Structure formats: structure tokens, C-alpha cells
Amino acid sequence: MRVIDSHTAGEPTRTIVEGGPDLGAGTLAERAARFESGHAWVRRALLTEPRGFDAMVGALLCPPDDPACETGIIFFNPAGRIGMCGHGTIGVAATLAFLGRIGPGTHRFETPVGIVSVDLRDANTATVENIESRRTQAGVAVEVKGLGRVSGDVAWGGNWFFLCQEAPLPLAMENIPALTEAAAQVRTALAREGIAGDGGAEIDHIEFFGPPVSAGADSRNFTLCPGGAYDRSPCGTGTSAKLACLDADGALAPGEPWVQESIIGSTYRAHYRPGANGGVIPTIEGQAFVVGETQLHFAPDDPYRVGIGSPFLVGGGGGR
């Protein structure tokens, strides 16, 4: 299996460019579900130790349903599938440019939750016009262990988010372990109280916000992704959800720039236009850099070929 590794604003993406699993026919959403039900060992093998680590996000390139799209993309992290991934989309654009498959200009990528437009400015810089994003619940309060009463908004940006305007402690790198624990407790409390996205969808991303550190930034954030890893980037789908909340509050006008800063200090430039269904169409600009090109091997006698602690390991080293 051949993969290209990149990072977008510090957050890694591992893109499968050759040798991925055969997902058969059907829509991209159907094939994404088939990837999880029949090939979950791939995400474990690629993204967990000894080949990966918990912050890695994977991207499987596959034929799109819409022939006008450059490619279809199924995103996943060690915990499961992801509907849309902003940093991953920028990373895939940089990867395809590295491979010579696309050049500067506008391209369409298909994801299981919709088609996004990518304007590749140069080999490393891309602007993503995301799917329509929206706030579905405002000022939701929940009792959180160790934090007391916490309030936030529920919003969709391609994934489901709970956005807390008040962080439980300063958004500094030395506080990442404590912020991770606090965000995990918020996620647990939301599930316990039945607070969910549309159709009962799990809210699996938690965001804390605070004042920026970098000159020119509007806000700093900390995002806990599904599983236990935090987002090193400012989070593309999270920034999309934030724009939907700002629009709903009348705090940001269409076309007005918003610079979102991550917990490590990297930034995205963003703005939005009104959507057709009452939400917003966010645009996120960031940079990605290819950092490696690897041919992965899966030796049949390697006891950890599908990951340490993987449920696909049988009898201390059997098959998948």
C-alpha cells in the first residue's frame, strides 16, 4: 500500500494513493460505510502504532460518483470514519499536486457528506469551499464532571461540534493534557444527557475558544477530535461550524474575514457566504506540506501488522 504523508497547519494526513481496499460499487457514502464495516483494519493498521499515532487522519482516494469531481475521498481517524475533514482536504490537494495529478486552479472533491470545491493557489496553499454549515442548538447547558455547568452551541460543519465559548483554562500548549481531559468530560456529559446532532448523531468534536495570541487572529481554539487526540490545526470543519454560529449571532457579516488560530499557533483564514438552506457556505484557506512518501508492508508473521492493541489481532498475532 502506497501512502503520501502531509501536514496542514501542523495536523497530519496520510493519503492512500495506491493499494487501498476494493469497496465495490455504490455511492461514496455507501462505500464509506463498507470501508468501516469490512475494512476497519486498514485505519487501525495505518493510523495506530507502530506505523502511526492517534492524531493522524487518513484519506482514501477512490472514484467519485460525480464525474465532474477530481476524486472521491473517504476520511477516517483511529476511532472511525469522519464525514468531512478540512485540513485533510487541503492535505489531499497538496498530495495530488505533489503527484502531478492537479495543478493550480479550481477542483471538485467528493466526500461522503457532499462535494467541496478546492482552489489550489500553489503547491502548498489551497482554499476549500466547504459544504453548507449550520447551528442547530444555541446556549445548550450541560453538567460536566469537574467543570460544573458548561454551555455551548451545537453546530454542523461536516462533523458535529459542541462549541464552548468559555474555555475551562487558558488555551496554552502546557494545558493540553488538562484541556483534553476537560473536553472528554464534556463529550461524555453530552452523550449522558442525550444532546446530539440531527437524527441523534453523536457530537464527537468538542471545541473550546479563547482570545488569540497571534497578531491578526480573531480567536484561538482547542479541538478534541473523535478518540483522544487534539487537532493541531485550527480545524477546518470546526471553523466552518464557528462561522455558522457567528452568522446566527449576527457577529460576522458575509465575506468578512475571520482568522482562526489553533492551540499550537497555526492559522486558517476564513469567511462565508449565505447558504441555500439557511446556513452558511464557509471558505477556509490554509497550507499543507508533503513530508513523506511510503510503501507500507504487512508481513503475515508480523504480530503488530494491523496495529498495537487492534481488535483484529487474534491469538497474540493471528490474522485479520
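Residues numbered from 1 in each chain as written. Predicted model: local features only at pLDDT ≥ 70, side-chain atom pairs only at ≥ 80, totals over all residues. Heavy atoms only, no water.

Peer 1: Any chance you could break down empty space enclosed by the protein for me, citing the residues and the numbers?
Peer 2: Throughout the structure, instances matching the rule amount to one cavity of 30 Å³ or more. In this structure, the largest cavity spans a volume of roughly 140 Å³. Around the largest cavity, the lining comprises 21 residues; the ones closest to its centre are Val57, Cys85, His205, Cys225 and Asp231. Only α2 (86-98) and α4 (236-248) provide two or more residues apiece to the lining of the largest cavity. Looking at the lining of the largest cavity residue by residue, the classes come out as eleven nonpolar, seven polar and three charged. (1 Å grid on protein atoms, 1.4 Å probe; cavity = no way out; pocket = protein on both sides within 12 Å on 5 of 7 lines; lining within 4 Å. Points joined across faces, edges and corners; volume = space filled by probe spheres on them. Helix = DSSP H or I, 4+ residues; strand = E, 2+ residues; numbered from the N terminus. Nonpolar A, V, L, I, M, F, W, Y, C, P; charged D, E, K, R; others polar.)

Peer 1: Could you give an account of the pairing of strand β4 (residues 71-77), with specific residues and numbers?
Peer 2: Taken across its seven residues, β4 has seven buried, putting it largely inside the fold. Where β4 lies against strand β6 (residues 105-111), two bridges are found, and the strand directions are parallel. Looking across to β6, one finds that Gly72 is bridged to Glu110. Relative to strand β5 (residues 80-82), β4 is paired through three bridges, and the arrangement is antiparallel. In the sheet register, Asn77 faces β5, and the bridge partner there is Gly80. With antiparallel pairing between neighbouring strands as the criterion, β4 and β5 make up a hairpin whose turn holds two residues. (Buried < 20%, exposed > 50% of the residue type's maximum accessible area, 1.4 Å probe, protein only. Pairing = 2+ DSSP bridges.)

Peer 1: Describe the packing of aromatic side chains, and please don't skip the residues or the numbers.
Peer 2: Counted under the stated rule, the structure contains five aromatic pairs. On the numbers, 5.3 Å between centres and 50° between planes, the contact of Trp156 with Trp160 is tilted. For the pair shown, Trp156 and Trp160 are each scored as buried. Aromatic ring contacts, followed pair by pair, group Phe208, Phe222 and Tyr230 into a single cluster. (Phe/Tyr/Trp six-rings, centres within 6.5 Å; stacked < 30°, edge-to-face > 60°.)

Peer 1: With reference to specific residues and values, describe the layout of surface pockets.
Peer 2: Once rolled over the atoms, a probe with the size of a water molecule shows which space is left empty. Of the volumes computed, that of the largest pocket is approximately 340 Å³. Arg81, Ile82, Gly83, Asn159 and Asp204 are the residues nearest the centre of the largest pocket, which is lined by 18 residues in total. Listed by contribution, the elements that provide at least two residues to the lining of the largest pocket are α1 (28-47) and β5. No other element matches β5, which puts three residues into the lining of the largest pocket. Broken down by class, the residue content of the lining of the largest pocket amounts to ten nonpolar, five polar and three charged. Size it by volume and the second largest pocket reaches roughly 180 Å³. Lining of the second largest pocket is provided by Gly139, Ser151, Gly152, Asp153, Leu163, Cys164, Gln165, Phe209, Lys242, Cys245, Leu246 and Asp249. Residues that form the lining of the second largest pocket fall into these classes: five nonpolar, four polar and three charged.

Peer 1: Describe the environment of Asp301, naming the residues involved and giving the relevant values.
Peer 2: Note on placement: Asp301 falls in the segment after β16 (280-295). You can call Asp301 exposed: its relative accessible area is 65%.

Peer 1: Got a sec to walk through α4? Specific residues and values, please.
Peer 2: Under the 1.5 Å per step criterion, the end-to-end length of α4 is 19 Å for 13 residues, consistent within 8% with the ideal 18 Å. Most of α4 sits inside the fold, with eleven of its 13 residues counted as buried. Among the residues making up α4, those that are buried are Gly236, Thr237, Gly238, Thr239, Ser240, Ala241, Lys242, Leu243, Ala244, Cys245 and Leu246. Residue Gly250 follows α4 closely and has a positive phi angle near 70°. (Expected span 1.5 Å × (residues − 1).)

Peer 1: Please set out the pattern of salt bridges residue by residue, giving values where relevant.
Peer 2: The final tally for this structure, using the stated rule, is 15 salt bridges. Measuring nitrogen to oxygen at the nearest pair gives 3.1 Å for the salt bridge that ties Glu18 to Arg2. Here Arg2 lies in strand β1 (residues 2-8) and Glu18 lies in strand β2 (residues 11-18), a separation of 16 residues in the sequence. The salt bridge involving Glu293 is made with Arg2; its shortest N-O contact spans 2.3 Å. Of this pair, Glu293 sits in strand β16 while Arg2 sits in strand β1; the two residues are 291 residues apart in sequence, bridging distant segments of the chain. (Salt bridge = Lys/Arg side-chain N within 4 Å of Asp/Glu carboxyl O.)

Without other data, these values stay purely geometric and don't point to any function.
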